[in-house]
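# Secondary and tertiary structure notes
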Amino acid sequence: MAYIPLRNIGAGGLVPDKNPYDVELTQFPSGNNVSFENGAIGKTLGHTDVGITIPNAPVTVAGFLKTGSNNLFIGSRNNIYRFNGSSVTTVGTGYSNTSMWQTEQIGSGIIFNNSSDVPQYINTTTLSSNGNFSNLANWPSTLSTKNVKPYKSFLVMAGYTDTSGGGSDYNTRVRWSDEFDPSSVPTSYDVTSTTNLAGFNELGGENGNLLDQLTLGNTQIIYAERGVYAMDFIGAPLVFSFREIFSDDGIISRGACASWEGKHLVVGQNDIYVHDGNVKKSLSSLKVKDEFYKGLIDAESVFCKSVASRSEVWICYAVQGAVKDATDGKYSPNRCLVYNWDNDAFTFVDLPNTRSLSHGDAMSGGGIEGTWDDPVIATLPYSSSTKWWSNSSLSVVAEDIFLYSVDHTNSKLYIMNNSRGFSGSSVNCFLEATKIDLDTVLNTANNNIKQVMGIMPQIRGEGSVTILVGYSNTPQDPVSWYSTNVFNIDQDHKIDVRTSGRYLALRFESNENANFWNITGLDVDVREVSGR
């Protein structure tokens, strides 16, 4: 029999929730440290150590994007540091303990909120004079919140505590400031005044505490533990209207949602779902739902980040082996479930103790846009670049935006998606399918024994990939791995094998820090040799 072409191999991503013998030819039931590159699945990109000294274990990184004032701010339990591309300085200290700062850029300033103290604020004017963070002006000293974000021309709190008059927790209440010019900060939060638009609204407790909020179009979506609400601006005197949009699931933790192309991806209590403010559907069911929730060891470790340049949402979380901090008792995420919205598919990637991710400018000293010879980029080896020259900047400006992460355990700042290795270490990656029956291709029943004589993989990349070939004869049989083949991408075009069974098994793997590979298809020399 001639070679049979199999195309779009892996385009459906990883589906560990399915039985291996029920998986489509476009899917893999198992894999790790793989992602999509232009629709093709293969070895994931790695990360590069920026090489700075962070005085205390970081819990948050936040990029401040403002022309001429680009900076990274790094939060530890009690301090805030500024990295301007050349040096790290302390710009805030003496705060209450926190395991995660919530950060928001508003206009020409940025807020750091630790849920205990008055939110901290700094703007471009203060930055230009090398000043420090200070208490957000006009914020009531008796007020604290775990979640405050801008919506329209208001600062909105999803749940809060007010210690005035004896003190009370308002975990199911939304409260907002007076209207303000986003180039500045609100002047009032007084909900009793009749001369401003500050106010609050109780959303009831049947859906649990309010945990987070995220803008979707012209609507602010409020996430509770077991439900989701929509908040819309309608003007004075009520200012906002509220309605419940879902009550069958909410959000698992603060930060466990991300926005992409007019939708929100949300990690709920029981499912990973997407919605447009009206219609909700599962993304993870029969794909990765069981694998994700069974592996998760700390619900509070979950957070999401949209990476639009790669059409991805990163779902970061802690699994077995994650490091638990002895001081704050929190686990640092060591695994990432990556959703690619172009492929509508998932992959898995290892993380370096990542408490936080943020986009930030490729800076040179003083916060000016990065150039190819700036102090940070000039120290990175050319081999760490994942861009073709034709895709790189045609000017002296290097990359416009980097994705940064902080390693809580080792006090490191990394540039993500910027290397073929994990900060110089090898990336151990693989794709594996153990029960390929080829019935839909051969149009025969599965009682037939197939013999595979050769495989021509369609692989793009550099270096080599190890390809293992095996077989089994029943759905529950273990795989007998027949041959191990080192495939040189630049030189080889096929591998010769001779294995027979009802189910074909294939594994693609590599473990190095320099090269890469992506696979899109296979041509398989297969024939039926018996039916029994």
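Keep in mind that what you see is a predicted model, and the values were worked out from it rather than measured. (Residues numbered from 1 in each chain as written. Predicted model: local features only at pLDDT ≥ 70, side-chain atom pairs only at ≥ 80, totals over all residues. Heavy atoms only, no water.)

### Digging into the side chain of asparagine 446
Structurally, the position occupied by asparagine 446 is in the loop between helix H3 (439-442) and strand S35 (448-461). Only 2.8 Å separates the side chain of asparagine 446 from the side chain of tyrosine 503, close enough to count as a polar contact. Once residues within four sequence positions are removed from consideration, asparagine 446 is found in contact with Asp437, Asp439, Arg502 and Tyr503. (Helix = DSSP H or I, 4+ residues; strand = E, 2+ residues; numbered from the N terminus. Polar contact = N/O pair within 3.5 Å; in protein donor to acceptor, adjacent residues only side chain to side chain. Contact = heavy atoms within 4.5 Å.)

### Some thoughts on the side chain of asparagine 33
Position of asparagine 33 relative to the elements: it lies in the loop between strand S2 (30-32) and strand S3 (34-37). At 2.8 Å, the side chain of asparagine 33 and the backbone nitrogen of aspartate 350 are in polar contact. When residues no more than four places from it in sequence are discounted, the contact partners of asparagine 33 are Gly42, Lys43, Thr44, Phe348, Val349, Asp350, Phe422, Val427, Asn428 and Cys429.

### Concerning the pairing of strand S29 (residues 335-340)
In terms of burial, S29 is largely enclosed, as 6 of its 6 residues are buried. Burial along S29 is two-sided: Arg335, Leu337 and Tyr339 facing one way and Cys336, Val338 and Asn340 facing the other are all buried. As paired strands, strand S28 (residues 312-317) and S29 are joined by 6 bridges and run antiparallel to one another. Bridge pairing in S29 places cysteine 316 opposite cysteine 336. Here S29 folds back onto strand S30 (residues 345-350) in antiparallel fashion, the turn holding 4 residues, of which aspartate 344 has a positive phi close to 50 degrees. (Buried < 20%, exposed > 50% of the residue type's maximum accessible area, 1.4 Å probe, protein only. Pairing = 2+ DSSP bridges.)

### Overview of the state of the cysteines
Applying the stated criterion across every chain, the model contains 0 disulfides. The cysteine cysteine 316 is free of any disulfide, with cysteine 336 supplying the nearest cysteine sulfur at 4.3 Å. (Disulfide = S-S within 2.5 Å.)

### With respect to empty space enclosed by the protein
Applying the stated criterion to the full structure yields 3 cavities of 30 Å³ or more. Here the largest cavity is characterised by a volume of approximately 110 Å³. Looking at the largest cavity, it is lined by 16 residues, and the ones nearest its centre are Thr44, Leu45, Trp314, Val349 and Asn417. Among the secondary structure elements, those contributing two or more residues to the lining of the largest cavity are strand S5 (46-49), S28, S30 and strand S33 (412-419). Its residues placed into classes, the lining of the largest cavity shows 8 nonpolar, 5 polar and 3 charged. Roughly 70 Å³ of internal volume is contained in the second largest cavity. (1 Å grid on protein atoms, 1.4 Å probe; cavity = no way out; pocket = protein on both sides within 12 Å on 5 of 7 lines; lining within 4 Å. Points joined across faces, edges and corners; volume = space filled by probe spheres on them. Nonpolar A, V, L, I, M, F, W, Y, C, P; charged D, E, K, R; others polar.)

### Focus: the packing of aromatic side chains
Summed over all chains, the structure comprises 21 aromatic pairs. Considering the side-chain rings of phenylalanine 28 and phenylalanine 508, the 6.5 Å spacing of their centres and the 90 degrees angle between planes classify their relative orientation as edge-to-face. In this pair, phenylalanine 28 is assigned in the loop between strand S1 (3-7) and S2 and phenylalanine 508 in strand S39 (residues 503-512), connecting sequence segments 480 residues apart. The two residues phenylalanine 28 and phenylalanine 508 agree in class, both being buried. Measuring from centroid to centroid gives 4.9 Å for phenylalanine 292 and tyrosine 293, while their planes differ by 90 degrees, and the two rings are edge-to-face. Look at phenylalanine 292 and you get buried, because its relative accessible area is 0%. Taken together through their ring pairs, the aromatic side chains of Phe64, Phe73, Tyr95, Trp101, Phe112 and Phe133 make up a single cluster. Across from the ring centre of tyrosine 503, 5.3 Å away, lies the NZ or CZ of lysine 435, which sits over that ring. (Phe/Tyr/Trp six-rings, centres within 6.5 Å; stacked < 30°, edge-to-face > 60°. Lys NZ or Arg CZ within 6 Å of the ring centre and 35° of its normal.)

### Side note on the confidence of the model for the protein
Low pLDDT marks regions whose predicted coordinates should not be analysed in detail. The share of residues in the protein with pLDDT of 70 or more is 93%, and the mean pLDDT across the chain is 92. Within the model, pLDDT remains below 50 along residues 379-385, and this stretch shows 9 contacts once partners closer than five positions in the same chain are excluded. Below pLDDT 50 for its whole length, residues 387-398 participates in 20 contacts with residues either more than four positions away or in separate chains. (pLDDT = per-residue confidence, 0-100.)

### Looking at the environment of proline 140
Tracing the backbone through its elements, the reader meets proline 140 in the loop between strand S13 (134-135) and strand S14 (143-144). Each C-alpha atom, one on proline 140 and one on valine 118, is 7.9 Å from the other, the two residues being 22 residues apart in sequence.

### With respect to the pattern of salt bridges
Under the criterion given, the structure shown has 19 salt bridges. In this structure, arginine 7 engages aspartate 523 in a salt bridge whose closest nitrogen and oxygen atoms are separated by 3.0 Å. Highlighted residues: arginine 7 in strand S1 and aspartate 523 in strand S40 (residues 517-531), separated in sequence by 516 residues. We classify arginine 7 as partly exposed; its relative accessible area is 38%. For aspartate 523, a relative accessible area of 13% puts it in the buried group. When the shortest N-O distance is used, the salt bridge between glutamate 202 and arginine 173 registers 3.2 Å. (Salt bridge = Lys/Arg side-chain N within 4 Å of Asp/Glu carboxyl O.)

### Let's talk about the environment of serine 301
Note on placement: serine 301 falls in the loop between helix H2 (289-295) and strand S27 (303-307). Residue classification places serine 301 among the buried residues on the basis of a relative accessible area of 5%. Taking the C-alpha atoms as reference, serine 301 lies 7.8 Å from serine 253; in sequence the two are 48 residues apart. Excluding residues within four positions of it along the chain, serine 301 makes contact with Leu296, Cys316, Tyr317, Ala318, Tyr331 and Pro333. Within polar-contact distance, the side chain of serine 301 engages the backbone oxygen of aspartate 298 at 2.6 Å.

### Concerning the sheet that holds S33
Strands sit in the order S5-S33-S32-S31 across an open sheet of 4 strands; the sheet is antiparallel. Only two strands of the sheet have a single partner each, and these edge strands are S5 and strand S31 (354-361). Averaged over all adjacent pairs, the angle separating strand axes in this sheet is 35 degrees, with direction ignored. (Axes fitted to C-alpha atoms, helices over the stretch in contact; angles between N-to-C directions.)

### Considering the pairing of strand S8 (residues 79-83)
The buried fraction of S8 amounts to 5 of the 5 residues, a majority that puts the element mostly inside the structure. Sheet topology places strand S7 (residues 71-76) next to S8; 4 bridges connect them, and they run antiparallel. Bridge assignment links glycine 75 to a residue of S8, and that residue is isoleucine 80. Connecting the antiparallel pair S7 and S8 is a turn made up of 2 residues. Summarising the sheet, S8 and strand S9 (residues 88-93) pair through 5 bridges and their orientation is antiparallel.

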